[in-house]
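Each chain, written out:
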There are 2 protein chains.
Amino acid sequence: MNSFTEENYLKAIYKLIEKSGSSVSTNAIAEKICTKAASVTDMLKKLSDKKLINYQKYQGVTLTSKGEKVALSVIRKHRLWEMFLLEKLDFKWDEVHDVAEQLEHINSDKLIEQIDKFLNYPKFDPHGDPIPDANGKIQVQKSKSIAHFIKNDVIVMTGVVDHSPAFLQYLDNTGLALGDEIKIKEVVFFDRSLQIIINKKSTIFISNDVAKNILAIKK
Amino acid sequence: MNSFTEENYLKAIYKLIEKSGSSVSTNAIAEKICTKAASVTDMLKKLSDKKLINYQKYQGVTLTSKGEKVALSVIRKHRLWEMFLLEKLDFKWDEVHDVAEQLEHINSDKLIEQIDKFLNYPKFDPHGDPIPDANGKIQVQKSKSIAHFIKNDVIVMTGVVDHSPAFLQYLDNTGLALGDEIKIKEVVFFDRSLQIIINKKSTIFISNDVAKNILAIKK
DNA sequence: AAATAAATTTAGGGTAGTCTAAAAACTATT
DNA sequence: AATAGTTTTTAGACTACCCTAAATTTATTT
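Just so it is clear, the model here is predicted, and its values are computed rather than measured.

Participant: Sorry if this is basic, but what is going on with the nonpolar core here?
Facilitator: Across soluble globular proteins, you tend to see nonpolar side chains buried next to one another. In this structure, L111 and I115 of chain A together with L111 and I115 of chain B are the most contacted members of the largest nonpolar core, which totals 34 residues. Among the secondary structure elements, those contributing two or more residues to this core are α4 (65–88), α5 (96–103) and α6 (109–118) of chain A together with α4 (65–88), α5 (96–103) and α6 (109–118) of chain B. In this structure, L111 of chain B is in contact with L85, L89, F91, V99 and L103 of chain A together with W81 and I106 of chain B, ignoring residues within four places of it in sequence.

Participant: Looking at this structure, I do not really get the sheet that holds strand β3 (residues 144–145) of chain A. What am I missing?
Facilitator: Each strand in a sheet pairs with another by means of backbone hydrogen bonds, the pair being arranged parallel or else antiparallel. Residues and elements named next belong to chain A. If you trace the six strands from one edge of the open sheet to the other, you get β3-β8-β4-β5-β6-β7, paired in antiparallel fashion. Strands with a single pairing partner mark the edges of an open sheet, and in this sheet they are β3 and β7 (202–206). In terms of strand pairing, β3 meets strand β8 (residues 214–218) through two bridges, oriented antiparallel. Directly across from K144, in β8, lies its bridge partner A216.

Participant: How should the packing of helix α1 (residues 4–20) of chain B against α4 of chain B be read in this particular structure?
Facilitator: For any two helices packed against each other, one specifies the inter-axial angle together with the distance between the axes. Residues and elements named next belong to chain B. One way to put it is that α1 packs onto α4 with a least axis distance of 8 Å and a crossing angle of 95°. The angle between the axes of α1 and α4 places the two elements in the roughly perpendicular class. Contacts from E7, L10, K11, Y14 and K15 of α1 reach α4 at G67, E68, V70, A71, L72, V74, I75, H78 and R79. For the contact of α1 with α4, the residue count by class is seven nonpolar, two polar and five charged.

Participant: Where do I start with the relation of the copies chain B and chain A in this structure?
Facilitator: Between the two copies of the chain lies a relationship made up of a rotation around an axis and a movement along it. Once chain B has been moved 0.0 Å along the axis and rotated by 180°, it coincides with chain A to within an RMSD of 0.1 Å. Between the two chains, the operation in question is that of a two-fold axis. When C-alpha distances to the rotation axis are compared across chain B, the minimum falls at L103 of chain B, with a value of 3.9 Å. Of the residues that chain B buries at the interface, 100% are likewise interface residues in chain A, meaning the two copies contact each other through the same surface.

Participant: I would appreciate a short explanation of the domain arrangement of chain A in the present structure.
Facilitator: Frequently, the measure chosen for interface size is the accessible area removed from exposure when the parts meet. Taken as a whole, chain A is organised into domain 1 (4–63) and domain 2 (144–218). Each of domain 1 of chain A and domain 2 of chain A has a C-alpha centre, and these two points are 34 Å apart.

Participant: Help me out: how do you make sense of the environment of E95 of chain A in this one?
Facilitator: Here E95 of chain A lies in the loop between α4 and α5. For E95 of chain A and P165 of chain A, which are 70 residues apart along the polypeptide, the C-alpha to C-alpha distance reads 7.5 Å. Looking at E95 of chain A, its side chain comes within polar contact range of the main-chain nitrogen of K92 of chain A, at 2.8 Å. Within the structure, E95 of chain A has its side chain in polar contact with the side chain of K110 of chain B (distance 3.0 Å).

Participant: I would appreciate a short explanation of the packing of aromatic side chains in the present structure.
Facilitator: Two measures describe an aromatic ring pair: the distance that separates the ring centres and the angle between the ring planes. A complete count under the given rule lists nine aromatic pairs over all chains for this structure. Ring geometry for F167 of chain A versus Y170 of chain A: centroids 6.3 Å apart, planes at 20°, classification stacked. Taken together, the residues span about one helical turn, with F167 of chain A and Y170 of chain A both in helix α7 (residues 165–174) at a distance of three residues. You can call F167 of chain A buried: its relative accessible area is 8%. Classification of Y170 of chain A by relative accessible area gives partly exposed; the value is 30%. Centre to centre, the rings of W81 of chain B and F84 of chain B are 5.6 Å apart; their planes meet at 85°, and the pair counts as edge-to-face. Taken together, the positions of W81 of chain B and F84 of chain B, both in helix α4 and three residues apart, correspond to about one turn of that helix. Per residue, the accessibility class of W81 of chain B equals that of F84 of chain B, and both read buried. A network of ring pairs unites the aromatic residues W81, F84 and F118 of chain A together with W81, F84 and F118 of chain B as a single cluster. Positioned above the aromatic ring of F118 of chain A is the side chain of K88 of chain A, whose terminal nitrogen or guanidinium carbon lies 4.8 Å from the ring centre. One residue, K144 of chain A, lies across the ring of F149 of chain A, its end atom 4.8 Å from the ring centre.

Participant: Which parts of the structure should I look at to understand α1 of chain B?
Facilitator: Three or four residues apart is the spacing at which side chains of an α-helix point the same way, because the helix has 3.6 residues per turn. Residues and elements named next belong to chain B. Helix length check: α1 (17 residues) gives 25 Å between terminal C-alpha atoms against 24 Å at 1.5 Å per residue, within 8%. Among all positions of α1, only E6, E7, N8, Y9, L10, K11, A12, I13, Y14 and L16 are buried. Buried residues along α1 sit in contact with α2 (26–33), α3 (37–49), β1 (53–55), β2 (61–63), α4 and α5. Among the residues trailing α1, G21 stands out with phi positive, at a value near 75°.

Participant: It is not clear to me how the interface of chain B and chain A should be interpreted in this structure. Could you clarify?
Facilitator: In this complex, chain B contributes 21 residues to the contact, which on the side of chain A involves 21 residues. Between chain B and chain A the total buried area reaches about 1700 Å² when both faces are included, carbon and sulfur atoms providing 68% of it. Among the residues chain B hides against chain A, the three largest losses belong to L89, Q102 and K110 of chain B. Together they make up 28% of the total. Across the pair K110 of chain B and E95 of chain A runs a salt bridge whose closest N-O atoms are separated by 3.0 Å. At the boundary of chain B with chain A, the tally comes to six residue pairs in polar contact (both at pLDDT 80 or more). The dominant element in the side of chain B that touches chain A, judged by the number of residues it contributes, is α6 of chain B, at six residues. Here the residues of the side of chain B that touches chain A sort into eleven nonpolar, five polar and five charged.

What counts and how
- Residues numbered from 1 in each chain as written.
- Chains lettered and ligands numbered in written order.
- Predicted model: local features only at pLDDT ≥ 70, side-chain atom pairs only at ≥ 80, totals over all residues.
- Heavy atoms only, no water.
- Core = buried A, V, L, I, M, F, W, Y, C linked by side-chain atoms within 4.5 Å.
- Buried < 20%, exposed > 50% of the residue type's maximum accessible area, 1.4 Å probe, protein only.
- Helix = DSSP H or I, 4+ residues; strand = E, 2+ residues; numbered from the N terminus.
- Contact = heavy atoms within 4.5 Å.
- Pairing = 2+ DSSP bridges.
- Axes fitted to C-alpha atoms, helices over the stretch in contact; angles between N-to-C directions.
- Parallel < 35°, antiparallel > 145°, perpendicular 65-115°, else oblique.
- Nonpolar A, V, L, I, M, F, W, Y, C, P; charged D, E, K, R; others polar.
- Least-squares fit on C-alpha atoms with pLDDT ≥ 70 in both.
- Domains from an automatic or database assignment.
- Polar contact = N/O pair within 3.5 Å; in protein donor to acceptor, adjacent residues only side chain to side chain.
- Phe/Tyr/Trp six-rings, centres within 6.5 Å; stacked < 30°, edge-to-face > 60°.
- Lys NZ or Arg CZ within 6 Å of the ring centre and 35° of its normal.
- Expected span 1.5 Å × (residues − 1).
- Buried area = accessible area lost by both parts, 1.4 Å probe.
- Salt bridge = Lys/Arg side-chain N within 4 Å of Asp/Glu carboxyl O.

Next comes the structure, spelled out in structure tokens:
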């Protein structure tokens, strides 16, 4: 079994590789985990000994398939717990992360399979991120930031880029939620801000900064 | 905040005091936690420094009100999670303990209050043990082992003494569950075994050893 | 190709929790 | 009250994880 800490390292490495598409550096991991590079080096040796990562001094790391499996299982648990908190326990969008961060390390296959069943096998979490299945398979969703759509496009909100409580609260306040239909009514040429219609009802204005952080697909 | 380990020590001390009614010894704690006396002594110093226990070398320990509060909060979480697993996630009676042992250390007031609400504020857990409320208050239930009842008593099963998977599985197999009505049909004089009728339907025989481990109250 | 800068690793040490073995303090017996 | 037995504590050491500071390797600049 892997420790709480090992699981967090593997998850961080997975996410960094996912974002960059290549092997990740010691410093990048240190920043992600909020620790120091020296501590990371220690852990990389340990994870390498356990055959969870491919690591050669000074060369950056990638995950072995064994390591990737662990990372995906942690991510699966995290996202299912987020979903559970939101749907069943009336948590707010921005409250789920910290608790899920703890729950993701609970070790029980039966528990997580039952939670999955209880939620009726969701494929995406409350942020629009895909939930790996029990075998680590991920369903992809080819959504783009809404800053890339043009006037009169009708789209469906599928996720967010920025996961910070501040941003999520902002969305809550504007009434924007996953699954909403969005029509691009106007694109302001000079600052690329948008005028959008949510669910054929309310019309709001959002800045390009916000638009870049909202994901959607063509309807 | 208290560590996972500190919480486990406080919980163990609470349970030992509850059972014995007096202060507990280093050795008793060591046995309960499955560790060595020397490790216990170390931890007792630490808990004493944090004003969670009353401890004088060689004199045994009791909980301070601060320590008792922590212990009760852990027990509350444990029993609510057991209830949740059993009622909402189709866990068996004997499967819940190990997972609840992990979940009891999750730190989130909102989470446990919502679980409590989700379960509709139960007062007793699946083993018939009382669930402390958010303030640590416990509702007592003056039940006795069914070995103490006599012929023709009609009683309701409220709990168990032995919490081992083996015993719980045995009960499952015989069809005995919390809340069942039990009528004492016969008490065999020579070995004090019982013939009982469950819910006015099935008649079964149980040994005195088993009877001593089943709790019930007069109907 | 040196020299400098940046990233990474090593060295040495700290805390939390564990252990074994030995010393000290209680308890019970005579 | 002294001895024997048991319990508890101390001493010293181990693992997991973290740190700072120094050394080493790689990358960049001239």
